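Secondary and tertiary structure notes
Residues per chain are reported as follows:
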Amino acid sequence: MGDSLTNTAGHFFVTGDPLIIASDVAIVLVSLGIVFTLTYFKKWKWLWREWLTTVDHKKIAIMYLISAILMLFRGGVDALLMRTQLALPNLGLLSAEHYDQIFTTHGTIMILFMAMPFIFAMFNAVVPLQIGARDVAFPYLNAISFWLFFFGALLFNISFVIGGSPDGGWTSYPPLTELQFDPGVGENYYLLGLSISGIGTIATGINFLATIIKMRAPGMTLMKMPLFTWAVLGTCIIILFVFPVLSVALALLLIDRLFGAHFFTMMYGGNPMQFVNLFWIWGHPEVYIAVLPAFGIYSEVVATFSQKKIFGYKSMVASIMAISIIGNLTWVHHFFTMGAGPAVNTFFSISTMAVAIPTGVKVFNWLMTMYRGRITLSLPMLWALAFIPAFAVAGATGVWLAEAPTDYQYHNTYFMVAHFHQALIGGVVFGMLAGMYYWWPKMFGFKLKEKFGKWAFWFFNIGFYVCFTPQYILGLMGMQRRMYTYTADMHWTALNFVSTIGAYLMGIGFLCIAAQIIHSLVHMEKDLTGDPWGGRTLEWSLPSPAPHYNFAVIPQISDRDEWWERKRRGEQDALKPRPEDIRDIHMPKNSGVPFLMGVCFFIAGFGFTFGWIAVGAAGLVGVLLCLAHRSLDQHPDHDIPADEIRRTEAALGRL
Amino acid sequence: MSMVRPPALERAPGQARFPWSHVAGYALSIVLTLAAFWAVLGHALPTKPLLAGILLLAVLQILVQLVFFMHVGQDSKPRYHLWLFSVAMFFFVVFVVSSMWILTFNTPIS
Amino acid sequence: MAVRMEEVLSRRTGDPSSTDHPGHRLELSTEDGVTKIFGFWMFLVSDVLLFASLFATYVVIYTHTANGPSASELFGHDVSGFLAETLALLTSSFTCGLATWEMHQGRAGRLKFWMIITLLLGLTFLGLEITEFRDFVSQGATLQTSAFLSGFYTLVGTHGAHVTLGILWMSLILYQLVRFGLNAVTARKFYIVGLYWHFLDIVWVLIFTVVYLTGVM
């Protein structure tokens, strides 16, 4: 009895590997530390009332940002472990099995639990303020989206202490990931964690589409929208078209694993390639989901710090829309080597190259915006500048990979690994960091100090090229992705070692960002202007951070760069509220139900992961009850009285 | 945000007293269904034209649902939701047809 | 465009008298209603692609019967079952449309009557589908038998799960209509569940054609 219990626990909790035990200890200590701090400072109530139950887009943005940075840390540690293992031949830091788990969690976390919350942090922080709205279209749903992301990510992350991590790669191809070849719960964690957060993502897509289409301030026609908002619109369209496909792919694989179906098995007529097909119908557009918001950020940052109108606004809009349609038609280039035949490969080769055209248009527009502009090299602008060469290389190597015959050489080598890291770090991470620095004052009310930020920029950028340039060559020398080690006679040692040095430089860059945030918190200088950069769009007409209701009076818009034009004409005060115009404002009430719904989803996910169908079903019943509770809620809104708004505005010095 | 108001009981001028368009939609949907059904059971056409025929009937049937029951023509402009719904239908066809195309090399028959 | 902006402006400033009524459509009488109906259409967009993925999988594997029963063996010997399902669902879409029409006439009693009929037809459909599945399983055609059957049960079952959810949801709205009466909020809620119901009919038309009729061929 005692033995079998220890045995069960031994399977349930991951033990044995010293790295994991160290992480276990660290997790327990950090959790205890958080609990202790919250209790000591009597902050539990504050946490619940101000954060866990909030439906305010500005607070949800902050929660997304914190999650994204934490996940960047975890994904980064995974990356450094892999690079350490590969620094020299025949190293034994990680076993093959452990290495498999780490490249799986690294990829999954970076794409779905780092990039996605990072872009949603930007959506939430910026879009309502940019279009003159008081919140998103469906604030309650927005809270649900966040908690589904959060609990999906939590479910995925606990895998490495309870039950074991997934190890089938972030693409999770069957038949390898079928029960027959991959028993245990790791893969189930992957499938359910991603499914739960995927539902949240679809809800976010719906929400921001409705917000942008239906909630713009009067006068803001579609062609007067800021480009970041346009980029979000394009992103949401792609989300709606492709995230359901991922949900289905994951669900079908889960049905195979839990209920013995034969969608992707090797026997009884299953077709594993259909999973690959579905996965990339989502997977390729996912790249655009991540990069379009970054493009939007570059458009805002480049215009602001060049003090010029964006060059070619209409072609920018056309490019975004073209990418959001053509981007959905290129997915087969991820499996040219499947051998679907010349007609299929040719079609998708051409569509892939076609999508480079609108992207190229955008790059030239940014360059032309900077041309003869008065450029200030602030941190957001530095990251935007660094993006252009990085993305040019990524784009060029991408076109090589898009040619089906040559792709047979590059496929699944380090050449491809280097390409997509250059695209996703150079495109998405640089963009998100530019956006974070740019809108940080608007989100938190103070600027990040430049000192450590410059260090971070140079460490990260130099490390970036030192890390990935050798990988192109390694790929051409035949080094395959996902190898856990290699022998010295392959002659890959020197390049691998250099690459590892680059990875560590990027790690130092990340630490500099952390130091910068802490340093700026300690020596905080509040932004009292609301417009620290000389901004162009509506969010900079508000105080930093914006009051709960954003706009005391919804402004009337007449220009694309409304705030800039007002400043140019000396009419800034026209965007301040007049006391007689202030009325009561309807706002949604806070609610604990979205959090509770996330918990129910977590219970359901955990139950299904372990094949405990009753627990899973109970969780889903809980979800339905949460939905019914919302439907029956007769008073989801409340009024903020006009007097209170006048007092708030007066205290902000705006009346 | 939501305002609870008394129902607007007044009928718009010229409002029909009988839901003719719904009845017409229902009749059409039944006719289209039975037509497809009989075409298949009676082998009215060779396989390929038959397949094309029943798919066409399905498309008409979908249009009936959209126009007669989901009021797609009557919503206030701008009708962005219809644009997006149409593009979604386009991608429905693209994903289904291209999946068949991409994966035909792998049928057990071959 | 200009008209819309004035509307938005006046609504934003919280003046209820400016809320206009486009025709007699109560569900569109508030800005909130308009936004939520738009949002629901966007949900339907995502649901279209969800079913697209299931259909794509089905058409790729539906010939992979792995020595189990094929589509024609399964559906061909008794076509009355799926025809009855189809007629029940088409009729329920019609009665749901009638309910919406009555709502637009402001007749809450008849609205509730047609909702009940719609619910009963939905339950009939579900009953027929469950009977059909049980019949197939008793013939040894299970989810685990072949890729074709995995695809069949999952595609048709996902639609059935949607219908089940629709029945629960519409019952909840019916309760709210009884409890709170017909107003802008309940009208919007019923209109949305109605859209959902008609949409499930669209999906069924595709299942009827692509799964059943093609199978019989």
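Keep in mind that this is a model prediction, so the values were computed, not measured. (Residues numbered from 1 in each chain as written. Chains lettered and ligands numbered in written order. Predicted model: local features only at pLDDT ≥ 70, side-chain atom pairs only at ≥ 80, totals over all residues. Heavy atoms only, no water.)

Some details on the overall build of chain B
When helices and strands are tallied, chain B shows three helices and zero strands. Beginning at the N terminus, the succession of helices and strands in chain B can be written as α-α-α. Expressed as a percentage of its 110 residues, the buried residues of chain B come to 37%. Counting only contacts in chain B whose residues sit at least 6 apart along the sequence, the fraction spanning at least 24 positions is 61%. (Helix = DSSP H or I, 4+ residues; strand = E, 2+ residues; numbered from the N terminus. Buried < 20%, exposed > 50% of the residue type's maximum accessible area, 1.4 Å probe, protein only. Contact = heavy atoms within 4.5 Å.)

Describing the overall build of chain C
Along the backbone of chain C there are seven helices and zero strands. Along its sequence from the N terminus, chain C presents helices and strands in the succession α-α-α-α-α-α-α. Counting every position in chain C, which comprises 217 residues, the buried fraction comes to 67%. Total accessible area computed for chain C in this model is approximately 6700 Å², and 64% of it derives from carbon and sulfur atoms. (Areas by Shrake-Rupley, 256 points an atom, 1.4 Å probe, with all protein chains shown as cover.)

Section: the interface of chain A and chain C
Facing the 42 residues of chain A at the interface are 43 residues of chain C. Roughly 3600 Å² of surface becomes buried between chain A and chain C when both sides are summed, with 70% attributable to carbon and sulfur atoms. In this assembly, chain A and chain C are joined by zero salt bridges. At the surface where chain A touches chain C, the tally comes to eight residue pairs in polar contact (both at pLDDT 80 or more). Elements that contribute at least two residues to the side of chain A that touches chain C include exactly α7 (186–214), α8 (227–259), α9 (272–306) and α19 (613–632) of chain A. Among the elements that take part in the side of chain A that touches chain C, α8 of chain A stands out by supplying eight residues, more than any other. (Buried area = accessible area lost by both parts, 1.4 Å probe. Salt bridge = Lys/Arg side-chain N within 4 Å of Asp/Glu carboxyl O. Polar contact = N/O pair within 3.5 Å; in protein donor to acceptor, adjacent residues only side chain to side chain.)

Some details on the environment of Phe208 of chain C
With respect to the element layout, Phe208 of chain C can be found in helix α7 (residues 184–216). On the basis of relative accessible area, Phe208 of chain C is assigned to the buried category, the value being 3%. Taking the C-alpha atoms as reference points, Phe208 of chain C and Thr86 of chain C, 122 residues apart in sequence, are found 7.3 Å from one another. Residue contacts for Phe208 of chain C: discarding those within four places in its chain leaves Thr33, Ala36 and Phe37 of chain B together with Phe82, Thr86 and Leu213 of chain C.

Things to note about the UniProt feature "transmembrane region" (unreviewed entry) in chain C
Residue and element names in this part refer to chain C. With numbering aligned to this structure, UniProt lists the feature "transmembrane region" (unreviewed entry) at residues 38–61, 81–101, 113–131, 151–178 and 190–213. Taken end to end, residues 151–178 comprises 100% helix and 0% strand; its first and last C-alpha atoms sit 40 Å apart. Along residues 190–213 one finds 100% helix and 0% strand; the C-alpha atoms at either end are 33 Å apart. (UniProt positions renumbered as here; feature names shortened; annotations may be inferred.)

Observations concerning the domain arrangement of chain B
Interface size, as often reported, equals the accessible area lost upon joining of the parts. Residues and elements named next belong to chain B. Domain boundaries assigned for chain B yield domain 1 (19–74) and domain 2 (76–110). Summarising the inter-unit geometry, the C-alpha centres of domain 1 and domain 2 are found 20 Å apart. Each side of the interface is counted separately: domain 1 has five residues, and domain 2 has five residues. Joining domain 1 to domain 2, the criterion identifies zero salt bridges. Counting across the interface, domain 1 meets domain 2 through zero residue pairs in polar contact (both at pLDDT 80 or more). (Domains from an automatic or database assignment.)

Concerning the interface of chain C and chain B
Contacts between chain C and chain B engage 59 residues on the former and 62 residues on the latter. Linking chain C with chain B are zero salt bridges, by the criterion used here. Inspection of the region where chain C meets chain B yields four residue pairs in polar contact (both at pLDDT 80 or more). No other element matches the 16 residues that α7 of chain C contributes to the side of chain C that touches chain B.

Brief notes about empty space enclosed by the protein
Per the counting criterion, the structure on display carries 12 cavities of 30 Å³ or more. The computed volume of the largest cavity comes to approximately 120 Å³. No other element matches the four residues that helix α2 (residues 31–61) of chain C contributes to the lining of the largest cavity. When the residues that make up the lining of the largest cavity are grouped by side-chain class, the tally is seven nonpolar, two polar and two charged. By volume, the second largest cavity is sized at about 80 Å³. Lining of the second largest cavity is provided by 13 residues; of these, Leu112, Met116, Phe149, Ser197 and Thr201 of chain A occupy positions nearest its centre. Only α5 (96–131), α6 (139–158) and α7 of chain A provide two or more residues apiece to the lining of the second largest cavity. Examining the composition of the lining of the second largest cavity, we find that five residues originate from one element, α7 of chain A, more than from any other. (1 Å grid on protein atoms, 1.4 Å probe; cavity = no way out; pocket = protein on both sides within 12 Å on 5 of 7 lines; lining within 4 Å. Points joined across faces, edges and corners; volume = space filled by probe spheres on them. Nonpolar A, V, L, I, M, F, W, Y, C, P; charged D, E, K, R; others polar.)

Thoughts on the environment of Met217 of chain C
As for its placement among the helices and strands, Met217 of chain C is situated in the segment after α7. With 118 residues separating them in the primary sequence, Met217 of chain C and Ala99 of chain C have C-alpha atoms 37 Å apart. Once residues lying within four places of it in the same chain are set aside, the contact partners of Met217 of chain C are Val40, Thr47, Leu50, Leu51 and Ile54 of chain B.

Structural notes on the UniProt feature "transmembrane region" (unreviewed entry) in chain B
Residue and element names in this part refer to chain B. According to UniProt, the positions carrying the feature "transmembrane region" (unreviewed entry) are residues 20–44, 50–70 and 82–103. End C-alpha to end C-alpha, residues 20–44 measures 32 Å, and it is 88% helix and 0% strand. For residues 82–103, the end-to-end C-alpha separation is 31 Å, with 100% helix and 0% strand making up the annotated structure.

With respect to the UniProt feature "domain: Heme-copper oxidase subunit III family profile" (unreviewed entry) in chain C
As recorded in UniProt, the sites labelled "domain: Heme-copper oxidase subunit III family profile" (unreviewed entry) are residues 38–216 of chain C. Taken end to end, residues 38–216 of chain C is 85% helix and 0% strand, and its first and last C-alpha atoms sit 39 Å apart.

Considering the packing of helix α4 (residues 57–86) of chain A against helix α16 (residues 493–522) of chain A
All names here are of chain A. It is at 9 Å that the axes of α4 and α16 come closest, and there the two elements cross at 155°. The angle between α4 and α16 falls in the class roughly antiparallel. The way α4 lies across α16 gives a crossing that is left-handed. Residues Ile69, Leu72, Phe73, Leu80, Arg83, Thr84 and Leu86 of α4 lie in contact with α16, whose contacting residues are Asn496, Ser499, Thr500, Ala503, Tyr504, Phe510 and Ile517. (Axes fitted to C-alpha atoms, helices over the stretch in contact; angles between N-to-C directions. Parallel < 35°, antiparallel > 145°, perpendicular 65-115°, else oblique. Left-handed = near helix turned anticlockwise from the far one by under 90°.)

Thoughts on the confidence of the model for chain C
Confidence in the prediction of chain C, expressed as mean pLDDT, is 89, and 89% of residues score 70 or more. Contacts for the low-pLDDT stretch residues 1–23 of chain C, under 50 throughout, to residues beyond four places or in other chains number 37 contacts. (pLDDT = per-residue confidence, 0-100.)

Some thoughts on the side chain of Ser70 of chain C
Residues and elements named next belong to chain C. Looking at where Ser70 falls in the secondary structure, it is placed in the loop between α2 and α3 (71–76). Assessed through its relative accessible area of 18%, Ser70 is described here as buried. Sequence-distant contacts of Ser70, that is, excluding residues within four places in its chain, are made with Thr65 and Phe148.

Concerning the side chain of Asn124 of chain A
All names here are of chain A. Counting through the fold element by element, Asn124 comes out in helix α5. A distance of 2.7 Å separates a polar atom in the side chain of Asn124 from a polar atom in the side chain of Asn142. Residues in contact with Asn124, not counting those within four places in the same chain, are His57, Ile60, Ala61, Tyr64, Val136, Asn142 and Phe208.

Examining the pattern of salt bridges
All names here are of chain A. All told, the structure shown has 22 salt bridges over all chains when counted by the stated rule. A salt bridge links Lys449 to Glu525, with the shortest nitrogen-to-oxygen separation between them at 2.8 Å. Taken as a pair, Lys449 in the loop between α14 (414–444) and α15 (450–476) and Glu525 in the loop between α16 and α17 (562–568) lie far apart in primary sequence, 76 residues in all. Salt bridges sharing common partners tie together Asp559, Glu562, Arg566, Arg569 and Glu571.

Considerations on the confidence of the model for chain B
Should pLDDT be low for a region, the predicted coordinates there are not to be read in detail. All names here are of chain B. Predicted confidence across chain B gives a mean pLDDT of 82, with 80% of residues reaching 70 or more. Within chain B, no element has a lower average pLDDT than helix α2 (residues 47–69), which sits at 93, and none a higher one than helix α3 (residues 80–103), at 95. Per-residue pLDDT stays below 50 along residues 1–14; that stretch engages in 29 contacts with residues further than four places along the chain or on separate chains.

Description of the packing of aromatic side chains
All names here are of chain A. For the coordinates displayed, the defined rule picks out 102 aromatic pairs over all chains. An angle of 65° between the planes, with centres 5.1 Å apart, marks the rings of Tyr438 and Trp540 as edge-to-face. With Tyr438 in helix α14 and Trp540 in the loop between α16 and α17, this residue pair connects regions lying 102 residues apart in the sequence. A cation over an aromatic ring shows up here: Lys447 above the ring of Trp533, its NZ or CZ 4.4 Å from the ring centre. (Phe/Tyr/Trp six-rings, centres within 6.5 Å; stacked < 30°, edge-to-face > 60°. Lys NZ or Arg CZ within 6 Å of the ring centre and 35° of its normal.)

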